[in-house]
Amino acid sequence: MKDVIASSDNKFYKLLKKLDKKKYRDENNIFKAEGEKFLNEKINFNKIIVKESRYEYFNENYNIGEHDNLTILKDELFNEVSTQENSQGIIFLYSKNLNTIDDIEGDVVILDDVQDPGNVGTIIRTMIATDFRNLILTKGSVDVYNPKTVRATMSGIFKLNVIYETPENIVKFLKENNYLTISTALHEDSISYDEIEQKERNAYIFGHEGGGVSDYLIENSDIKAIIPIYGNIESLNVSVATGVFLYKMREKKEKNK
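What counts and what doesn't
- Residues numbered from 1 in each chain as written.
- Predicted model: local features only at pLDDT ≥ 70, side-chain atom pairs only at ≥ 80, totals over all residues.
- Heavy atoms only, no water.
- Helix = DSSP H or I, 4+ residues; strand = E, 2+ residues; numbered from the N terminus.
- Buried < 20%, exposed > 50% of the residue type's maximum accessible area, 1.4 Å probe, protein only.
- Pairing = 2+ DSSP bridges.
- Contact = heavy atoms within 4.5 Å.
- Axes fitted to C-alpha atoms, helices over the stretch in contact; angles between N-to-C directions.
- Arc of directions from axis to C-beta.

Visitor: Looking at this structure, I do not really get unusual backbone geometry. What am I missing?
Guide: A negative phi angle characterises most non-glycine residues, just as the trans form characterises most peptide bonds. Positive phi values are uncommon outside glycine, yet Asn29 reaches one of about 60°. Considering the arrangement of structural elements, one finds Asn29 in the loop between helix 2 (22-28) and strand 2 (30-34). Phi angles above zero are rare outside glycine, and Asn178 is one such case at about 55°. Note that Asn178 resides in the loop between helix 7 (167-176) and strand 9 (180-184). Residue classification places Asn178 among the exposed positions, given a relative accessible area of 63%.

Rendered as structure tokens:
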């Protein structure tokens, strides 16, 4: 077995602790992903970190000892850097996505100031399931590389183009590239999502948990759309609403092929 980090003064251990904060993820351009499932993903990782008591298991089943970029931590140190209550004993470091808004081609999902990591993780999983691969978040939205969000995506984070931008730059990009812009909003001239006629390029905008899509993005949208609600409830959770909406849009696309 390779050398084991046993001291809390170790520089790499200190970095692992810091990566729970966005500031340090941004500074180092890396993030943590935790769980055995990532061993089966065909994605290049920067580092594997293994709990000492779990090394033999992972080596017997995955030959992780063959990796040069392997670090083993004493159990008590690993527990300090893990974000899961029932950790499987393995963490990966990955480079963050460095795409820009100009890299986007095709339909795009836009999240306006969505704050909950679980909601964004669920939305990312839904985007993969419905084959929408471009995600723009307004600056100030939750960090998709937050450990809770990464966990909620179930590895979907690696399958999207993810970009953070200002609302002004988002609108500029959409107009310059002839997008049909659709905001989900309860408005006097909103139409049912079933009435939407998509174009070659479409942008679907969903708002934050409290106040929905901002006035600025609504004012710069071509269509305001709603999901019909049949029971006595005011609104849907943003991840549920996004899922329902994207499945309807995918269904329309498949019918029009």
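Now that the structure has been shown, we can carry on.
Visitor: Got a minute to help me understand the sheet that holds strand 12 (residues 223-226) in this structure?
Guide: Consider a sheet: its strands pair through backbone hydrogen bonds, and that pairing is either parallel or antiparallel. The parallel open sheet is built from 7 strands, whose spatial order is 8-7-6-11-9-12-10. Across the chains shown, the open sheet's two edge strands, defined by having one partner strand only, are strand 8 (161-165) and strand 10 (191-192). Where strand 9 meets strand 12, 3 bridges bridge the pair, whose relative direction is parallel. If you follow Ile182 over to strand 12, its bridge partner there is Ile223. Of the strands in this sheet, strand 6 (108-112) and strand 7 (134-138) touch helix 5 (residues 117-130), which is tilted by about 155° from strand 7.

Visitor: Before we go on, may I ask you to explain helix 7 in this structure?
Guide: An α-helix turns once every 3.6 residues. As a result, residues three or four positions apart point the same way. Three or more residues of helix 7 are buried, namely Ile170, Val171, Phe173 and Leu174. In an axial view of helix 7, the angular spread of the buried residues amounts to 160°, which keeps them on one side of the axis. Counted as exposed and oriented over 90 degrees from the buried face of helix 7: Lys175 and Glu176. Check the buried side of helix 7 and you find it contacts strand 6, strand 7, strand 8, strand 9, strand 11 (202-207) and helix 8 (215-219). In the segment just after helix 7, Asn178 is the residue with positive phi, at about 55°.

None of this, on its own, says anything about what the molecule does.
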